[in-house]
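This is what each chain is made of:
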Amino acid sequence: MALFAVQYTYIDDAERVQSVRPEHREHLRELHAEGTLLLAGPLSGAPGALLIVSAESEEAALAALDGDPFLRESVIVDRSAREWAVSIGELPTA
């Protein structure tokens with residue numbers, strides 16, 4: 001398994017984003033509990049987020065997020081995945 005940085009870009013409609021956010025976060029909590037999603041949070045400066053995903057490939061990282069309500073409800077206008085090689089530090093383990 002490798003780590004992937006997935007970047008979401010959202011629509012520029014804060015009210016719409018907020019209306020779907022509770023379902024979106026519940027879905028991400030489920031992915032986190034199963035170990036697929038390691039970290040997630042909003043980016044400042046523009047509507048979007050960064051997610052760190054454990055997967056076999058960029059395609060698998062995006063596929064793991066296909067069930068996100070933000071995607072289903074067209075809140076995400078763009079998303080990309082890039083492999084991330086940690087060179088300093090480490091993520092905490094349970």
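Whatever comes next refers back to the structure up there.
Let us look at the structure shown here.

**A word on helix α1 (residues 14-33)**
- Along its 20 residues, α1 runs 27 Å from first to last C-alpha, staying within 8% of the 28 Å computed at 1.5 Å per residue.
- The set of residues buried in α1 consists of Val17, Val20, His24, His27, Leu28 and Leu31.
- Where α1 is buried, its residues meet β1 (2-10), β2 (37-42), β3 (48-55), α2 (58-64) and α3 (69-72).
- Just past α1, the residue Gly35 takes up positive phi, approximately 90°.

**Describing the packing of aromatic side chains**
- According to the stated counting rule, one finds 2 aromatic pairs in the structure shown.
- Ring pairing ties together the aromatic residues Tyr8, Tyr10 and Phe70, which thus form one cluster.

**Details of the pattern of salt bridges**
- For the coordinates displayed, the defined rule picks out 5 salt bridges.
- In this structure, the salt-bridge partner of Glu73 is Arg16, at a minimum N-O distance of 3.0 Å. Of this pair, Glu73 sits in the loop between α3 and β4 (76-83) while Arg16 sits in helix α1, placing them 57 residues apart in sequence.
- With its nearest N and O atoms 2.9 Å apart, the salt bridge here joins Glu73 to Arg72.
- For Glu73, a relative accessible area of 29% translates into the label partly exposed.
- For Arg72, a relative accessible area of 47% translates into the label partly exposed.
- If you follow the salt bridges from partner to partner, you end up with Arg16, Glu23, Arg72 and Glu73 in one network.

**Points about the sheet that holds β2**
- With antiparallel pairing, the 4 strands of this open sheet are ordered in space as β2-β3-β1-β4. Each edge of the sheet is formed by a strand with only one pairing partner; in this case those strands are β2 and β4. Strand-to-strand twist across the sheet, computed as the mean angle between neighbouring axes with direction ignored, equals 15°.
- Here 7 bridges tie β1 to β4, and the two strands are oriented antiparallel to one another. The residue bridging Val6 from the neighbouring strand is Ala81, located in β4.

Reading the values: rules and limits
- Residues numbered from 1 in each chain as written.
- Predicted model: local features only at pLDDT ≥ 70, side-chain atom pairs only at ≥ 80, totals over all residues.
- Heavy atoms only, no water.
- Helix = DSSP H or I, 4+ residues; strand = E, 2+ residues; numbered from the N terminus.
- Expected span 1.5 Å × (residues − 1).
- Buried < 20%, exposed > 50% of the residue type's maximum accessible area, 1.4 Å probe, protein only.
- Contact = heavy atoms within 4.5 Å.
- Phe/Tyr/Trp six-rings, centres within 6.5 Å; stacked < 30°, edge-to-face > 60°.
- Salt bridge = Lys/Arg side-chain N within 4 Å of Asp/Glu carboxyl O.
- Pairing = 2+ DSSP bridges.
- Axes fitted to C-alpha atoms, helices over the stretch in contact; angles between N-to-C directions.

The analysis is restricted to geometry; functional conclusions fall outside its scope.
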